[in-house]
Amino acid sequence: MTDSSSPNTTRTLKLPTPQTADEFSFPMTPYAIQLDFMKRLFETIEESKFAIFESPTGTGKSLSIICGALTWLSHHKERRKLDIPEPTPGGGDCPDWVAEFERKQRIERSNAEMADGDLAQTRYKAWVASTRRKEAAERRGRMVGRTRGSGEDPAIERKRRATADIGANMSSEGGGDSEVDDDMIVDAYYSDTGEGSDVLRAHASDAEDGSVRYSAEVRKLLAKRAANKPYYDSDSENDSENNALQLEPPVEPSVTKIFYASRTHSQLQQFISEIKRTSFGKSSKIKCVTLGSRWQLCTNDRVRSDCHSVHSLNERCLEMQQQGSKKTRCAFLPAQRTPMFDYKESIGSKIMDIEELATEGRRLSVCAYYGTRAAVSAAQVVALPYNMLLSQSARESMGVSLKDNVVIIDEAHNLVDTILSIHSVTLDRQTVGALTEMLQMYFTKYWRRLKGSNTIYVRQTLALLKALRKFMDASATEALGKESTGVLSVNEFLQRANADHINVYKIDRYLRESKIGRKLNMFGDHCRQQTHMEDGASGRGAKRGAGNNAPVASVGPAPATAVAAFESFMGCIGNPDRKGARLVVRASAAGGSEKDAVVELKYLLLDPSEAFGSICSEARAIILAGGTMKPANDVVEQLLPLQASHLTDQFAGKVGNAVAVAKLDSKNAQLFAWNHVVDSSHVCAVVVSSGPTGQPLRFAFQDQSDPAKIREAGQALASMCNIIPGGIVVFFPSYSLLGRMLAEWRSAGIVQRIERRKPLFAESNAPGGDGEPQVNILEKYTEQVHRPGSNGAVLLSVVSGRLSEGINFSDNLGRAVIMVGVPFPSLASPELAERLAYYEFLGSNSKPAEPLKDSSMGPRARELYESLCMRAVNQSIGRAIRHRHDYAAIVFLDARYADARIASKLPSWILPPPVVGHGVGAASVPKLAFGPALSQIAAFFKRDFKSV
């Protein structure tokens, strides 16, 4: 840290970076790269930067993230005591007196904000205490008569009543038809353009933000209704008017947070387990909460057993919160606040993973889903899955604000793909047809009871659905006896569907604000219940609708799924001018029947920067971390296209000494990379250019059907089984190639030769495999490798398949990883072709006329194409080396891995140490014929690694 006594340095004061493991509260002696990782992470957060951190799997990355980030968080809390203001962005080129004035202003502002926060916290705690006292008095009054003479503990009584209420709620749901119909009616909706009856709008006026602003008379009525509304609320489906008019409790002050996101809940659980190992977790210094879906956290087991999908559980939960529907109210969301206070205090007192959070909810008879959301404000660490962080609507519905907080995205090698996937939606012909009929039935039955602009918007939605259905029917007719694929912009699609006169933006807004989708779900479920009851009573097989004798068979098995798909689709096309978006139209009628033709509309997002931009604009600092982040240049350019500059392809070459290799944008974002903790002598990497008979090994698309090359690869694998101990994991580019090669090996007797040395297992879903579930294959492979006296086994898998990520093949489970072929994605995919074309367009001044093909691929598109491939390769080969004392061979059975463009994208830790006198950068994976390669691999496994 620069000497703060100098007046010219006051503008750059910042928290001093810890230098030792003890200062980071690291629970053990760290590797040099772990200590360096924590230092860089601390500095990145303090300086409010965007950074990419690459630390190979097995180097203790998770623990480094935890200790580095939480140490910064604890130091940040002490800023006021240390009299250290926030660092000022920019340089210090100003007079000394200006710098000193600004410094004093920042300190005064910081102290004022601290004081305001302390006051808000005091008020909130006082309100909680007051609410507890009032509700305790209410409970005592109610329980005098209920438990007189029973001596029952109040907590046990509450749990007993909750259990009893569940049964009562579930058994009382078959109310009279008129009451059910009342629940089906969507609330009055008024648009922002004066549509509908002037009488209905007499008491309402439009606010500047487009929302409805009611008169004082109407607000009184709404406030009266809101008085009986529970304190909790649902996702983005919140009744904003009622919330605004209700007397709200004080907002709980939010603290500075670390948001940690990963792809799966198993990875989040591992992260939570690592926190528990540290002094932060053991001493309860940190409040931590994990967010999940209702599917993971719902504590109402009766409801869970009746719902067989995420959508149905979501809708059932929301139905049980409907105002005026006390008979269906969930007993785990009590009207009083005290049980939720108890839950928040309990989960805040110790670190819990998501399963423990759900268990605690059951113990206290409180909804863990809403309980964890309520705990976010006070939490200093929030762990959540990708989809909740990367979707702005999901963040808003969960009450998650990234403002001035730290965002850490782990396992970020597929971040761009994940963003594009989350914001892409598919709508099929069956769903459109079913939804059209369901909405028509709903409108036919209830149109006289719809108020405000509901009638207008339901008719417009029906018109749009019918236009979509007609377009899809025409596509089915054109595709008779074949498959067809087309790509359109949103505006082009609306024109071809003759729907360009419909305001899709307003329909999207209507679906979101009116919550009619929830009513349609209730209506569809009610139709089925009525039909089943009628059929059961009469013995009839005909299925008829509710109230109008309309057939309901075509409504589909899951209305919630259909409604959710349509709402998501409308959320996408509701912004037709969004840049980097296409609609892919697929039609297949191979059977020759138009009725059975499959037609899909897929909204394809090509530009992830818009979705990621909302995170960048809010967060204090963003860290993308992963074991295989290289190549990274295209990731930066896609996420930050306006600020990104070209990333030089330089990575840190020394263990424990990472360097910032380039500035990624105008805010000085950086890339850090470290070598593996394993010694380079523990890795033997080789490119095998030819097989045992001299046949070239190259598995481009045109070579993948060549029996001679397929047999050559099989013979090479069989020979390697004789010299490689333990387990061998073989990765193929696709399931189809795996199946083709396995079938050829069996017919040529190669499989029998392999199995004389090692049993062979193939990943599930692979044609030609044994068809067992993937978990059974992995268990059998593991059991065989670990069997005493075993020679190991061979596992055939697929790049980007279930066994290529997140599976630990350490020690004998993966003494060798063999890559067969280079897994370039198929250019026949219109989604990929459009993505490459758009990426090429970002770096040029003109729009490409056609999606790019291999022969016409520009330099930027080719770079992205190769990067997509090599990130998947690097993720697969990283399965082998998992700790400092591990060792393995990495074998590439395809000569193309020696090509300069491909080789440059391989991870640096598999490269041999540079030879003295050969110059910097001379090290590369050796390319050898089969004989020399086999000799090198044999010599590698003859070494005594225990002595190294």
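Residues numbered from 1 in each chain as written. Predicted model: local features only at pLDDT ≥ 70, side-chain atom pairs only at ≥ 80, totals over all residues. Heavy atoms only, no water.

1. Brief notes about empty space enclosed by the protein
Counted according to the given criterion, the structure contains 9 cavities of 30 Å³ or more. Each pocket or cavity is described by its volume, and for the largest cavity that value is around 130 Å³. For the largest cavity, the lining is made up of 13 residues, of which C298, N300, C317, C330 and C367 are closest to its centre. Per-class residue counts for the lining of the largest cavity are 10 nonpolar, 2 polar and 1 charged. By volume, the second largest cavity is sized at about 80 Å³. Lining the second largest cavity, in full, are L435, L439, T461, L465, Y510, L511, I516, G517, L520, V563, F566 and E567. Those elements that place two or more of their residues in the lining of the second largest cavity are α20 (429-446), α21 (454-478), α23 (504-514), α24 (516-538) and α25 (559-573). (1 Å grid on protein atoms, 1.4 Å probe; cavity = no way out; pocket = protein on both sides within 12 Å on 5 of 7 lines; lining within 4 Å. Points joined across faces, edges and corners; volume = space filled by probe spheres on them. Nonpolar A, V, L, I, M, F, W, Y, C, P; charged D, E, K, R; others polar. Helix = DSSP H or I, 4+ residues; strand = E, 2+ residues; numbered from the N terminus.)

2. Regarding the nonpolar core
By size, the foremost hydrophobic cluster in this structure holds 121 residues, and its most contacted members are I409, F612 and L624. For this core, the element with the most residues is α21, which contributes 10 residues. Dropping the residues within four chain positions of it, L624 is found in contact with F50, A51, I52, F53, I409, A412, L415, F612, M629, V635 and L639. Grouped together as the second largest cluster of nonpolar side chains are 42 residues, V688, F732, L738 and I818 included. (Core = buried A, V, L, I, M, F, W, Y, C linked by side-chain atoms within 4.5 Å. Buried < 20%, exposed > 50% of the residue type's maximum accessible area, 1.4 Å probe, protein only. Contact = heavy atoms within 4.5 Å.)

3. A short note on the pattern of salt bridges
Counted by the stated rule, this structure contains 32 salt bridges. Residue R40 pairs with D36 through a salt bridge whose shortest N-O separation is 3.9 Å. Of the two residues, R40 and D36 are both situated in helix α1 (residues 32-46); the distance of 4 residues between them amounts to about one turn of the helix. Judged by relative accessible area, R40 falls into the partly exposed class, the value being 22%. Between R620 and E46 there is a salt bridge, and its shortest N-O distance comes to 3.6 Å. In this pair, R620 sits in the loop between α26 (609-618) and β12 (621-626) while E46 sits in helix α1, placing the two residues 574 residues apart along the sequence. For the pair R620 and E46, one class covers both residues: buried. One continuous salt-bridge network, built from bridges that share partners, spans E863, E866, R901 and K905. (Salt bridge = Lys/Arg side-chain N within 4 Å of Asp/Glu carboxyl O.)

4. Considerations on the confidence of the model for the chain
Of the residues in the chain, 73% reach a pLDDT of 70 or more, and the chain-wide mean stands at 79. Here residues 165-176 is a poorly scored stretch, pLDDT under 50, and it has 21 contacts once near neighbours within four places are set aside; other chains count. Every residue in residues 541-555 is under pLDDT 50, and counting partners more than four places away or in other chains gives 33 contacts. (pLDDT = per-residue confidence, 0-100.)

5. Looking at the sheet that holds strand β13 (residues 670-673)
Taken in spatial order, the 7 strands of this open sheet run β5-β6-β4-β7-β12-β1-β13, and their pairing is parallel. At either end of the open sheet lies a strand with only one pairing partner, and these are β5 (288-290) and β13. Between one strand axis and the next, the sheet turns through 15 degrees on average, direction left out of account. Note that strand β1 (residues 50-54) and β12 share 5 bridges and pair parallel. Counted as the bridge partner of I52 is L624 from β12. (Pairing = 2+ DSSP bridges. Axes fitted to C-alpha atoms, helices over the stretch in contact; angles between N-to-C directions.)

6. A closer look at the sheet that holds strand β15 (residues 728-732)
Across the sheet, 7 strands lie side by side as β16-β17-β15-β18-β19-β14-β20; this open sheet has parallel pairing. Across the chains shown, the open sheet's two edge strands, defined by having one partner strand only, are β16 (760-762) and β20 (927-928). Of the strand pairs in this sheet, strand β18 (residues 816-820) and strand β19 (residues 888-893) are connected by 5 bridges, and their pairing is parallel. Bridge assignment links V817 to a residue of β19, and that residue is I890.

7. As for the pairing of strand β14 (residues 683-688)
In terms of burial, β14 is largely enclosed, as 6 of its 6 residues are buried. Along β14, one buried face is formed by V683, A685 and V687 and the opposite face, lined by C684, V686 and V688, is buried too. Bridge analysis of β14 against β19 gives 5 bridges, and the strand direction is parallel. Bridging from a neighbouring strand, C684 pairs with A889 of β19. Summarising the sheet, β14 and β20 pair through 2 bridges and their orientation is parallel. Along β20, the bridge assignment pairs V687 with K927.

8. Brief notes about the packing of aromatic side chains
For the structure on display, the rule yields 26 aromatic pairs. When the ring of Y189 is compared with that of Y510, the centres are 4.9 Å apart and the planes differ by 75 degrees; the resulting orientation is edge-to-face. Here the residue Y189 occupies a position in the loop between α6 (177-184) and β2 (204-206), and Y510 occupies one in helix α23, the gap between them amounting to 321 residues. Residue classification places Y510 among the buried positions, given a relative accessible area of 0%. Look at Y446 and F523: their rings are 6.0 Å apart centre to centre, the planes differ by 75 degrees, and that puts the pair in the edge-to-face class. Taken together, the positions of Y446 in helix α20 and F523 in helix α24 put the pair 77 residues apart, joining distant regions of the chain. Positioned above the aromatic ring of Y887 is the side chain of R815, whose terminal nitrogen or guanidinium carbon lies 3.7 Å from the ring centre. (Phe/Tyr/Trp six-rings, centres within 6.5 Å; stacked < 30°, edge-to-face > 60°. Lys NZ or Arg CZ within 6 Å of the ring centre and 35° of its normal.)

9. Concerning the packing of helix α28 (residues 707-721) against helix α35 (residues 930-941)
Two elements in contact, α28 and α35, have axes separated by 11 Å at closest approach and are oriented at 25 degrees. As judged from the angle between their axes, α28 and α35 are roughly parallel. You can see that α28 and α35 cross each other, and the crossing is right-handed. Facing α28, whose interface residues are A716, S719 and M720, α35 presents F930, L934 and I937. Residue classes in the contact of α28 with α35 are distributed as 5 nonpolar, 1 polar and no charged. (Parallel < 35°, antiparallel > 145°, perpendicular 65-115°, else oblique. Left-handed = near helix turned anticlockwise from the far one by under 90°.)

10. Some details on the packing of α20 against α21
At a minimum axis separation of 9 Å, α20 and α21 run at an interaxial angle of 150 degrees. Put simply, α20 runs roughly antiparallel to α21. For the pair α20 and α21, the crossing hand works out as left-handed. Residues R429, V432, G433, L435, T436, E437, L439, Q440 and F443 of α20 lie in contact with α21, whose contacting residues are T455, V458, R459, T461, L462, L465, K466, L468, R469, M472, D473 and A476. Taken together, the residues of the contact of α20 with α21 break down into 10 nonpolar, 5 polar and 6 charged.

11. Side note on the environment of L893
Assignment of secondary structure puts L893 in strand β19. On the accessibility criterion, L893 (1% relative accessible area) is buried. Not counting chain neighbours up to four residues away, the residues in contact with L893 comprise V688, L697, F699, A713, M720, I818, M819, V820 and G821.

12. Here we look at the side chain of K49
Inspection of the secondary structure assignment puts K49 in the loop between α1 and β1. Within the structure, K49 has its side chain in polar contact with the side chain of E47 (distance 2.9 Å). (Polar contact = N/O pair within 3.5 Å; in protein donor to acceptor, adjacent residues only side chain to side chain.)

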